[in-house]
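Fold and geometry: a report
If you want the building blocks of each chain, they are given just below.
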Amino acid sequence: MSVIAKARELGEEIARSQELAAMIQAQQAMLQDPAAKQIIDEFHQKQRFLQMIQTQGLELTESQKADVEDLEKRMMDNPLITEFFRAQHNFEQLLEEINQIISDAISGGQHSCSDESCSCCCGCEV
């Protein structure tokens, strides 16, 4: 089997993963909730504004910093948003573990974790 075919197979397995399904479900729940969606929309708007300020070489005022902190607190206080962040983190961990395994294989390193024994790769060595 070619490398490209194996990559496609890996991509298909990732697409069927529990981690991706949980992240998509959490994202849909978050975006369907009016309160959570409003916070997320506000976050994206604030993010664009802050990027504009940074590209101009300006610093945030104390008021702007307080607004960002308030928005972050509201995000963390919303259970649908925090569930999405948790699910997103779990999916990103899966991708990091996959990348580490691929990197180890390319460099000839050994990866001692098996699917059953490792839910999060922490760089374990043989």
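Our subject is the structure listed above.
The sections below set out a description of the structure shown in this document.

1. A short note on the packing of aromatic side chains
- Applying the stated criterion across every chain, the model contains 1 aromatic pair.
- Ring geometry for Phe 84 versus Phe 85: centroids 6.1 Å apart, planes at 50°, classification tilted.
- The exposure class of Phe 84 is buried, given its relative accessible area of 10%.

2. Examining the packing of helix 2 (residues 18-32) against helix 5 (residues 79-107)
- Contact geometry for helix 2 and helix 5: axes closest at 8 Å, N-to-C directions at 155°. With respect to each other, helix 2 and helix 5 are oriented roughly antiparallel. The way helix 2 lies across helix 5 gives a crossing that is left-handed. Together, Glu 19, Leu 20, Ala 22, Met 23, Ala 26, Gln 27, Ala 29 and Met 30 of helix 2 and Leu 80, Ile 81, Glu 83, Phe 84, Ala 87, Gln 88, Asn 90, Phe 91 and Leu 94 of helix 5 make up the contact between the two elements.
- Counted by class, the contact of helix 2 with helix 5 contains 12 nonpolar, 3 polar and 2 charged residues.

Conventions and cut-offs
Residues numbered from 1 in each chain as written. Predicted model: local features only at pLDDT ≥ 70, side-chain atom pairs only at ≥ 80, totals over all residues. Heavy atoms only, no water. Phe/Tyr/Trp six-rings, centres within 6.5 Å; stacked < 30°, edge-to-face > 60°. Buried < 20%, exposed > 50% of the residue type's maximum accessible area, 1.4 Å probe, protein only. Axes fitted to C-alpha atoms, helices over the stretch in contact; angles between N-to-C directions. Helix = DSSP H or I, 4+ residues; strand = E, 2+ residues; numbered from the N terminus. Parallel < 35°, antiparallel > 145°, perpendicular 65-115°, else oblique. Left-handed = near helix turned anticlockwise from the far one by under 90°. Contact = heavy atoms within 4.5 Å. Nonpolar A, V, L, I, M, F, W, Y, C, P; charged D, E, K, R; others polar.

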